[in-house]
Amino acid sequence: MEADKMLDYIKDVLENMPTGWLRLTTHRLDIYDEKLAKVEFLEQFEILANENNSNLSALNELPTAFDYIRLGHPLSCILEWVIAKLNDLSPEQVISFLSKTSPILAILRKNLLDNRNTQIAYTGELPNSFDIEILRTTYGYTFELKQVDKASDILEFDGSTIFVSRQDEISSVDRNPNIDFFINLHPDFGSFLLVNSEKNNKYISEIQHVRRRETVAMTPTNCLGALKSLVKQSSFDTPKTNIAENKAIVLDAIKEVSGANTTPLVASSGLSVQYAILMGLVHNALENHKGKAIKIVVPPNCYGGTNDQARRVAACSDAIEIVDLPVDGDNDMVQSIAIVLDKIANEDAIPYIIAEIPTNPRVEVPDLHKLRDVLSAKRKTASGNEAIDPVFILDQTFCPNVNFLGEADILSTVRTISFASGSKFPSGGKCTAGYCVANKKGETLMDKIALHLRLCDNEATDLQMEILAKQMPSMKQRIHEAYLNTLEFVNFIKDTLPAAKINFVSEELAKEGFTPSVFSLDLPTKGDTVEERETYKRELNHKLINLMITQIPNESKYCVSYGQLKGCYWTIPATSTQGTTKEDDKDYIARVSLSPNMDVELHKKVFLKFVESM
């Protein structure tokens, strides 16, 4: 397709595109094949392009590009497709980021693991947050820097050569064969990474994985701006927001809802802030506890992104080790933590514990007084010295309204950092931003966390702050109303299908403030063998979800999220978030997330129809 004809087509697409491409943060799983993420969408999109078909109905029928916009989305795929066409590359060789530093770090990480040299050539200046010393000491990355005037000045290098340049106008690049990766920085939109030559295609999945776990794709709004600038061949005016006022509202709202009296940090996503927490704590350990092993303690079946990211951090350093923390089912979180902390203390190592309260997917809450006591207990090393006290990294995504961090709250005696995904209740599903905040005992750790949030260029955007400023003041009320809807639906299921096992908070826990609007549903099964019973249960789960999304298409949706403003979300398996949870740790039960704004009576009616069909 000729460039002018392609850009004319894109202009038509932008005028006709579904509103969900710009507004939604989570997309349908029933029309999504994760193994073909981006690929299947673009294959179908290219067919439409060749037919010059930009009708809304045709665009609406395209398969899901990615299930969650942090990983990518329709507009990022189309933008990458256009840039690939302009540079005679395949779309897989173009990857867009919101961050200006993370694409560089993605290549450095791959080369660290492959023991390969890296040369970073650049024009002008590198991003302000690119801290050379910290990247070498804390991340362990090795690289050479070379300032050049232009791409054609770059000579052959024994290793990978990255060429970083600022590009105010999106256009084709000078594809010097001595350059392996082009990283074009745009002042308003983020960055574009171009993989030069097929010999470097082995990097693509690793670069995508960094975008999946440690940062985010260029946002839909920024991709739209970039595409508009391309089709008009002019600059794009970034929408102006009241940055200072929005930030003040958001920080105050986080302090109020968490009970903390410290300054929060807001990031581009929940995993972006979690990565800053982990790298900030690693940095702190390397500075203050030289030579000691770092132990990241994490449940093997917790949220897939948390689990995978922690293991990825450990993979980059011999000083860091993952310790599994069994918390669900027959395992008690408090007992597991006690066993793990005693062992780590005996080894004179540094314990960093990540845990979700309530747990996911079984919505369990430990005895909080016992949890405080086991985390606060003084321990001795094998040589009789005082052991290093743990840092408790608390994922409060499912109950962000419960106070753990205030001076009089249950974890005030424990160094605690709470974090939450802002794509859930804080924004109601309108953006991916996440946040973290510490209690007074953990406050000194926040400077390092803030440093790594800036280094990775993962701070929340102005638009994300604007959305949070609008949504967070109503968050507590939405949590309460969604809980009431969930309780009503759960009680109906108990009465209608008593053989089903439901994981949901008790009334006693609800009185303590734990009022999630998510439950997991383990349907009754049958069969002579374990395999037969498991197969039957999985088929039944899919039958239920398909019935719900077809009978209530305007409200019930097959996708992974929680805390949405309206409707009801269904997913299975409950822990299969973006495909990296180990198969043995997956829980093949349905997870159901309800909202404050939905027709509960209609959902009960359709569920009854399902039960009658069993």
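What you are looking at is a predicted structure, and each value in this text was computed from that prediction instead of being measured.

Undergrad: Quick one: what's the story with the nonpolar core, residue by residue and with numbers?
TA: Counting residues in hydrophobic clusters, the biggest one holds 143 residues, and the most contacted among them are Ile10, Phe45 and Phe392. Element by element, the count of residues in this core is highest for helix H5 (residues 74-86), at eight residues. Other than its neighbours up to four places away in sequence, Phe392 contacts Ile337, Ile353, Ala355, Ile357, Leu371, Leu375, Leu411, Val414, Arg415, Thr416 and Ile417. Of all hydrophobic cores here, the second largest spans 64 residues; its members include Ile183, Leu265, Ile388 and Ala450.

Undergrad: Lay out the packing of helix H13 (residues 333-346) against helix H14 (residues 368-376) in plain terms, naming residues and giving numbers.
TA: Helix-helix packing: each pair is described by the crossing angle between the helix axes and the interaxial distance. In the contact formed by H13 and H14, the axes pass within 9 Å of each other and the chain directions differ by 5 degrees. It follows from the interaxial angle that H13 and H14 lie roughly parallel. Here Met333, Val334, Ile337, Ala338 and Leu341 of H13 lie close against H14, whose contacting residues are Lys370, Leu371, Val374 and Leu375.

Undergrad: If you had to explain the environment of Met475 to someone new, which residues and values would you point to?
TA: Along the chain, Met475 turns up in helix H17 (residues 475-496). Taking the C-alpha atoms as reference points, Met475 and Asn401, separated by 74 residues in sequence, lie 8.4 Å from one another.

Undergrad: Run through the packing of aromatic side chains, naming residues and quoting values.
TA: For the coordinates displayed, the defined rule picks out 17 aromatic pairs. When the ring of Phe398 is compared with that of Tyr562, the centres are 4.8 Å apart and the planes differ by 45 degrees; the resulting orientation is tilted. Within this pair, whereas Phe398 is found in the loop between strand S11 (391-395) and strand S12 (415-421), its partner Tyr562 is found in the loop between strand S16 (556-558) and strand S17 (568-571), the two being separated by 164 residues in sequence. The two residues Phe398 and Tyr562 agree in class, both being buried. Consider the rings of Phe489 and Trp570, whose centres lie 6.4 Å apart with planes at 85 degrees: the pair is edge-to-face.

Each value, and the rule that gives it
- Sequence order sets the numbering: in each chain, residues are counted from 1 along the sequence as written.
- The predicted origin of the model limits local features to residues at a pLDDT of at least 70 and limits the giving and counting of side-chain atom pairs to 80 or more, whereas totals for whole chains, interfaces and linings rest on all residues.
- Calculated side-chain values reflect all of the structure's heavy atoms, with hydrogen atoms and water omitted.
- Side-chain atoms within 4.5 Å link the members of a nonpolar core, which is a set of buried Ala, Val, Leu, Ile, Met, Phe, Trp, Tyr and Cys residues.
- Only protein chains enter the area calculation, which uses a 1.4 Å probe; residues under 20% of their type maximum are buried, those over 50% are exposed, and those in between are partly exposed.
- A run of DSSP states H or I qualifies as a helix once it reaches four residues; a run of E qualifies as a strand once it reaches two. Both are numbered from the N-terminal end.
- Residues are treated as being in contact if the distance between any of their heavy atoms lies within 4.5 Å.
- Axes here mean lines fitted to C-alpha atoms, for a helix over just the part in contact, with angles spanning 0 to 180 degrees between N-to-C directions.
- Angle categories: roughly parallel below 35 degrees, roughly antiparallel above 145, roughly perpendicular from 65 to 115, and oblique for all the rest.
- We call Phe, Tyr and Trp rings a pair once their centres come within 6.5 Å, taking the six-membered ring for Trp, and we label the pair stacked below 30 degrees between planes, edge-to-face above 60, and tilted otherwise.

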